[in-house]
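Here are the chains, one letter per residue:
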Amino acid sequence: MFKRLNHKINIEDYSLLDKQTQYGHTVDGEFRGIVYYNVQAGTDLYQLIPEQYRADFYVSAFRINDVIPPHTDTYDRTTINVYVETGDYVTEFYKPKHNNPSKRQIDNQVDGYIFNDKDLLLAGMFKAKKNDAYVLDVSCIHSVRPYYKNLDRTAINLSTHVHDFDSVCSMLQQTGYL
Ligand SMILES: [Fe+2]
């Protein structure tokens, strides 16, 4: 589901560039949800991965400013998130209670789905601290919920649609980050 890396990662400086995609809704003219960006970062996240696998990963950034309901990600199988601003959100992982949980798609979701809480059992959770890095199996159902209120959360992430969670964990062991 998820593991915390054994090193904090300080992203020296970064700038968010073009918007890639977004999931959410607009309230009073303001977008609420998650927005993914291209990013330029002063810290090279590819160092987390052995050289021969780096071409299978890409770096981007996301900003969250609302509850992200239980979902599986579009495209990505595994992602490593470095939380530069945590916004005090809690990431939760779930297992379906039965084989056929109801699911739906929202705008821009291609191969990911949204699920209903009533079909899910909580299987694990974490509350990241600033500069913590976690590897996540984003093919598992997960949500992001505010601990106090909807603040801004920003993370830089290194993601792959090629390698599953266990493979990425063994890569991180090879580089000494797990
Ligand atoms: Fe996600």
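Please refer to the structure higher up on the page.
Everything in this summary refers to the structure shown in the same document. Residue numbers restart at each chain and count upward from 1, following the sequence in its written direction. In keeping with the predicted nature of the model, local features appear solely for residues at pLDDT of at least 70, side-chain atom pairs appear and are counted solely at 80 or more, and the whole-chain, interface and lining totals rest on all residues.

What follows covers the overall build of the chain. Across its full length, the chain holds one helix and 13 strands. The order of α-helices and β-strands along the chain, N terminus first, is β-β-β-β-β-β-β-β-β-β-β-β-β-α. Atoms considered for the radius of gyration are the C-alpha atoms alone. The globule rule reads 2.2 Å times the number of residues to the power 0.38. For 178 residues, the compact-globule formula gives about 16 Å, and the C-alpha radius of gyration of the chain, at 16 Å, lands near that figure. Dimensions of the chain along its principal axes, counting C-alpha atoms only, are 40 × 40 × 30 Å. Buried means a residue has 20 or more other C-beta atoms within 10 Å of its own C-beta, exposed means 12 or fewer, and partly exposed covers the counts in between; C-beta atoms are placed from the backbone. Across the 178 residues in the chain, those meeting the buried criterion constitute 28%. A sequence separation of at least 24 residues applies to 79% of the contacts in the chain between residues at least 6 apart. Numbering of helices and strands starts at the N terminus; helices are DSSP runs of H or I of at least 4 residues and strands are runs of E of at least 2. Remark: residues whose backbone-derived C-beta atoms lie within 7 Å of one another are considered to be in contact.

Time to look at the sheet that holds strand β2 (residues 14–27). When DSSP locates at least two bridges between a pair of strands, those strands are taken to pair. Spatial strand order, β1-β11-β6-β13-β4-β3-β2: seven strands in an open sheet with antiparallel pairing. In this open sheet, the two strands that pair with only one neighbour each are β1 (2–4) and β2. Across the sheet, the mean angle separating the axes of adjacent strands is 25 degrees when strand polarity is ignored. Bridge analysis of β2 against strand β3 (residues 30–41) gives eleven bridges, and the strand direction is antiparallel. Bridge pairing links Ser15 to Gln40 in β3. Lines fitted to the C-alpha atoms define the axes, with helices restricted to the stretch that makes contact. Angles between their N-to-C directions range from 0 to 180 degrees. Across the sheet, helix α1 (residues 165–174) touches β1, β6 (78–85), β11 (133–137) and β13 (153–160), and the angle it forms with β11 is around 155 degrees.

In this structure, Tyr75 is a non-glycine residue whose phi angle is positive, near 75 degrees. Along the chain, Tyr75 falls in the loop between β5 (68–71) and β6. Although it is not a glycine, Asn131 sits at a positive phi angle of roughly 70 degrees. Structurally, the position occupied by Asn131 is in the loop between β10 (120–126) and β11. Taking the number of C-beta atoms within 10 Å as the measure of exposure, Asn131 has 14 and is therefore partly exposed.

The next point concerns the nonpolar core. Under the definition applied here, buried Ala, Val, Leu, Ile, Met, Phe, Trp, Tyr and Cys residues are grouped into a nonpolar core through C-beta atoms within 7 Å. Counting 26 residues, the largest nonpolar core has Leu48, Ala61, Val82, Ala155 and Ile156 as its most contacted members. Among the elements of the structure, β3, β4 (58–64), β6, β11, β13 and α1 are those that each provide at least two residues to this core. Residue contacts for Leu48: discarding those within four places in its chain leaves Ile80, Leu158, Leu172, Thr175 and Tyr177.

Right, let's talk about the environment of Tyr23 for a bit. With respect to the element layout, Tyr23 can be found in strand β2. Remark: the alpha-carbon pair of Tyr23 and Cys140, spanning 117 residues in sequence, is separated by 18 Å. Other than its neighbours up to four places away in sequence, Tyr23 contacts Gly33, Ile34, Ile106, Asn108 and Gln109.

Quick look at the environment of Val162 now. Tracing the backbone through its elements, the reader meets Val162 in the loop between β13 and α1. The partly exposed category is assigned to Val162, around which 14 C-beta atoms lie within 10 Å. For the pair Val162 and Thr78, spaced 84 residues apart in the sequence, the C-alpha separation amounts to 8.4 Å.

Counting buried positions along β2 yields one of 14 residues, so the element is predominantly exposed. A loop of two residues connects β2 with β3, the two strands running antiparallel in sequence, and Asp28 in this loop sits at a positive phi of about 50 degrees.

Attention now goes to α1. Among all positions in α1, only Val168, Met171 and Leu172 are buried. All buried residues of α1 project into a common sector of 100 degrees when viewed along the axis, lining one side. Residues Asp166, Ser170, Gln173 and Gln174 are exposed on α1 and point more than 90 degrees away from its buried face. Buried residues belonging to α1 abut β6, β11 and β13. Taking the helix axis as origin, the arc is that swept by the directions to the C-beta atoms.

Shape descriptors only; they carry no functional weight alone.
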